[in-house]
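Structure at a glance
Letter by letter, the chains look like this.
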Amino acid sequence: MSRQRVANADTVVVKVGTRTLTLPDGRLDPTQVANLAEQLSSLVAAGRRVVLVSSGAVGAGIGRMKLTERPRDLAELQAVAAVGQSCLIEAYNRALEPFGRHAAQILLTTDDFDDRTRYLNVRNTLTALFRLGAIPIINENDTVRVDELQRNFGDNDRLAAMVTNLLRAPLLVLLTDVEGVLTGDDPPVVVPLIDLSAGSAATLVKSDARGGIALSRGGMASKLEAARIATSAGEQVVIANGRRPNVLAEILAGEGVGTLLVGNLLGGPGEGLSSRKRWIGFATRTLGRLTLDDGACRAVTQRGSSLLAVGVQQVDGQFAKGDVVSLVDAGGRELARGLTNYDSADLAKLAGLASERIAEVLGHIPYEEVVHRDNLVLVETRKPS
């Protein structure tokens, strides 16, 4: 049933990692780029909407500038990414032209997902590109966002998951340099199916130390986190070897390639959460944290209730009315996210008070609810970062 849902996906987000795209010396592998372009073109010709989230800009820049290692200086790393980004998009465009397709470059940062207007603008642009028959090539904008280059996890994995939610795409394919999620056995075995709604899959990851130039900033842990984001909204994820011949065709044919990750079905592929709730729950960053008492936890997670001030035990962070806040239990497990009706200063005064006492403290009652149910999204329980 799960593989059939994969085969029926009308919109597919494909993420390809650096090691899958480059040669051992860091240069782009033109054969691999051409193979990927042909596969993407075939999916579009079959009537599917396709987005590619591509790493490789730093690796391409290293190869173009004939460097022997990844730069350690941040400004040089940004410069190498800028050089490599032009190489990367040129390579894709050349590879797509024989199939009558064009590469459309889109560079994004987390700020584009935090801002609701920019978030919608990205979605509108992608929809227009689908109508024009172009293939969007998305990458993190490393030249203006220095923190992405400094982190030790694969930001493009998370970016791909966020694009999946933005488009309500039923399928995210993460192409890497291994066959899928591997067990710790000797030899390792591919795990064919993981249900992320049943708990963490981190223990299934086989540690893998490789030598050579440190091109990739990702790893299986970041792919599992990306899968959690996508599957929490009801979509499916496949992690597979990007160098496997015709890997995308096999996946979309419903064959047992790689590792399939599923989560909350939410009534069907792409149908469970509105685009607005996907933005609240899985795209924008939280600016504060509200610790709830046991009664409020049950009301929010089990009874579908709004959050009232009486159920708030502690307020952390500085936020304004309308910002997204994280709702956690006493142990710090995140239960939900939502748009707050009060800023942090006022809410700190109201925490633990019954609704009828709001006017006594503030002089009026702007809202009875701290977070209304219509602006609240349940998320998988986990320790917030």
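Shown above is the structure to which this text applies.
These remarks concern the structure in this document. Computed from a predicted structure; not experimentally measured. Per chain, residue numbering runs from 1 following the sequence as it is written. Two thresholds apply to this predicted model, a pLDDT of at least 70 for residue-level local features and 80 or more for giving and counting side-chain atom pairs, whereas whole-chain, interface and lining totals are computed over all residues. Side-chain measures here rest on the full set of heavy atoms in the structure, leaving out hydrogens and waters.

1. A look at the overall build of the protein
- Going along the chain from the N terminus, every DSSP run of H or I of four or more residues is numbered as a helix, and every run of E of two or more is numbered as a strand. Within the protein, the regular secondary structure consists of 15 helices and 15 strands.
- Each residue's exposure class comes from its accessible area (1.4 Å probe, protein chains only) as a fraction of the maximum for that residue type: buried when under 20%, exposed when over 50%, partly exposed otherwise. Evaluated residue by residue, the protein yields a buried proportion of 53% over its 385 residues.
- Method for areas: the Shrake-Rupley scheme with a 1.4 Å probe, in which residue coverage is limited to the protein chains shown. For the protein, the exposed area adds up to about 16,600 Å²; of that, 49% sits on carbon and sulfur atoms.

2. Here we look at the sheet that holds strand β3 (residues 103-108)
- The criterion for strand pairing is that DSSP finds at least two bridges linking the strands in question. Read from one edge of the open sheet, eight strands run β3-β4-β2-β1-β5-β7-β8-β6, paired in mixed fashion. A single partner strand is all that each edge strand has here, and the edge strands are β3 and β6 (193-195). Adjacent strand axes in the sheet meet at a mean angle of 20° when their direction is disregarded.
- Examined bridge by bridge, β6 and strand β8 (residues 259-262) share three bridges and lie parallel to one another. In the strand pairing of β8, Leu193 is matched with Leu260.
- The contact criterion used is simple: two residues touch if any of their non-hydrogen atoms lie within 4.5 Å. In this analysis an axis means a line fitted to C-alpha atoms, helices contributing only their contacting stretch, and an angle means the value between N-to-C directions, from 0 to 180 degrees. Against the sheet, helix α9 (residues 155-167) engages β1 (11-16), β2 (49-54), β3, β4 (135-140) and β5 (171-176), with an angle of about 175° to β1.

3. Section: the pattern of salt bridges
- Each reported salt bridge corresponds to a side-chain nitrogen of Lys or Arg within 4 Å of a carboxyl oxygen of Asp or Glu. Throughout the structure, instances matching the rule amount to 15 salt bridges.
- For Glu225, the salt bridge identified is with Arg228, shortest N-O distance 3.0 Å. Within this pair, Glu225 and its partner Arg228 are both found in helix α10 (residues 220-232), separated by three residues, close to a single helical turn.
- Among the residues examined, Glu225 registers a relative accessible area of 33% and is labelled partly exposed.
- Across the pair Glu360 and Arg357 runs a salt bridge, and its minimum N-O distance is 3.3 Å.
- For Glu360, a relative accessible area of 58% translates into the label exposed.
- Because the salt bridges share partners, they merge into one network encompassing Lys15, Asp157 and Lys223.

4. Section: the packing of α9 against helix α12 (residues 275-283)
- α12 packs onto α9 with a crossing angle of 160° between their chain directions and a minimal axis gap of 10 Å. In terms of orientation, α9 and α12 fall into the roughly antiparallel class. The interaxial crossing formed by α9 with α12 has right-handed handedness. Of the residues in α12, those in contact with Arg158, Met162 and Asn165 of α9 are Arg278, Phe282 and Ala283.
- Ten residue types, Ala, Val, Leu, Ile, Met, Phe, Trp, Tyr, Cys and Pro, are classed as nonpolar, four, Asp, Glu, Lys and Arg, as charged, and the remainder, Gly among them, as polar. Among the residues forming the contact of α9 with α12, the class breakdown is three nonpolar, one polar and two charged. When describing relative orientation, an angle under 35 degrees is termed roughly parallel and one over 145 degrees roughly antiparallel, while 65 to 115 degrees is termed roughly perpendicular and anything else oblique. By definition, turning the near helix anticlockwise from the far helix through less than a right angle yields a left-handed crossing, and turning it clockwise yields a right-handed one.

5. Some remarks on the sheet that holds strand β9 (residues 288-292)
- Read across the open sheet, the five strands follow the order β11-β9-β12-β13-β15; overall the sheet is mixed. Two strands bound the open sheet, and with one partner strand each, they are β11 (312-316) and β15 (376-378). Ignoring which end each strand starts from, the neighbouring axes of this sheet average 25° apart.
- Sheet topology places strand β13 (residues 334-339) next to β15; three bridges connect them, and they run antiparallel. By the bridge assignment for β15, Ala336 is matched with Leu378.
- Contacting β9, β13 and β15, helix α13 (residues 294-301) runs over the sheet at an angle of about 105° to β9.

6. A short note on α9
- Taking 1.5 Å of rise per residue, the 13 residues of α9 would be expected to cover 18 Å, and the 18 Å separating its terminal C-alpha atoms lies within 8% of that figure.
- Among the 13 residues in α9, 12 count as buried, and that is most of the element.
- Along α9, the residues that are buried comprise Asp155, Asn156, Asp157, Leu159, Ala160, Ala161, Met162, Val163, Thr164, Asn165, Leu166 and Leu167.
- Two residues or fewer after α9 comes Arg168, characterised by a positive phi angle close to 55°. Here the expected span of a helix is defined as 1.5 Å times the quantity of residues minus one.

7. Examining the packing of helix α7 (residues 116-132) against α12
- α12 packs onto α7 with a crossing angle of 115° between their chain directions and a minimal axis gap of 12 Å. Between α7 and α12 the crossing geometry is right-handed. Residues Arg116, Tyr119 and Arg123 of α7 touch α12, and the partners they reach there are Ser275, Arg276, Trp279 and Ala283.
- Of the residues in the contact of α7 with α12, the class split is three nonpolar, one polar and three charged.

8. Thoughts on α12
- Counting buried residues along α12, seven of its nine residues qualify, which places the element largely inside the surrounding structure.
- Residues Ser275, Arg278, Trp279, Ile280, Gly281, Phe282 and Ala283 constitute the buried set of α12.

9. Overview of the pairing of β4
- Of all six residues that make up β4, six are buried, and the element is covered over most of its length.
- Strand direction decides the pairing type here: β2 and β4, joined by two bridges, are parallel. Its bridge partner being in β4, Val53 is matched across the sheet by Ile138.
- Bridge count between β3 and β4: six bridges; the pairing is parallel. Each bridged residue has a counterpart across the sheet, and for Ala104 the counterpart in β4 is Pro136.

10. As for the packing of aromatic side chains
- Put simply, two rings from Phe, Tyr or Trp (the six-membered ring, in Trp's case) pair if the centres are within 6.5 Å, and we call them stacked under 30 degrees between planes, edge-to-face over 60, tilted for the rest. Under the counting rule described, the total for this entry stands at two aromatic pairs.
- Ring centres of Phe113 and Tyr119 lie 5.9 Å apart, and the angle between their planes is 65°; this geometry places the pair in the edge-to-face category.
- You can call Phe113 buried: its relative accessible area is 1%.
- Considering the side-chain rings of Tyr342 and Tyr367, the 6.3 Å spacing of their centres and the 85° angle between planes classify their relative orientation as edge-to-face. Taken together, the residues span a long stretch of sequence, with Tyr342 in the loop between β13 and α14 (344-350) and Tyr367 in the loop between α15 (358-362) and β14 (369-371) at a distance of 25 residues.
- The exposure class assigned to Tyr342 is buried, which follows from its relative accessible area of 3%.

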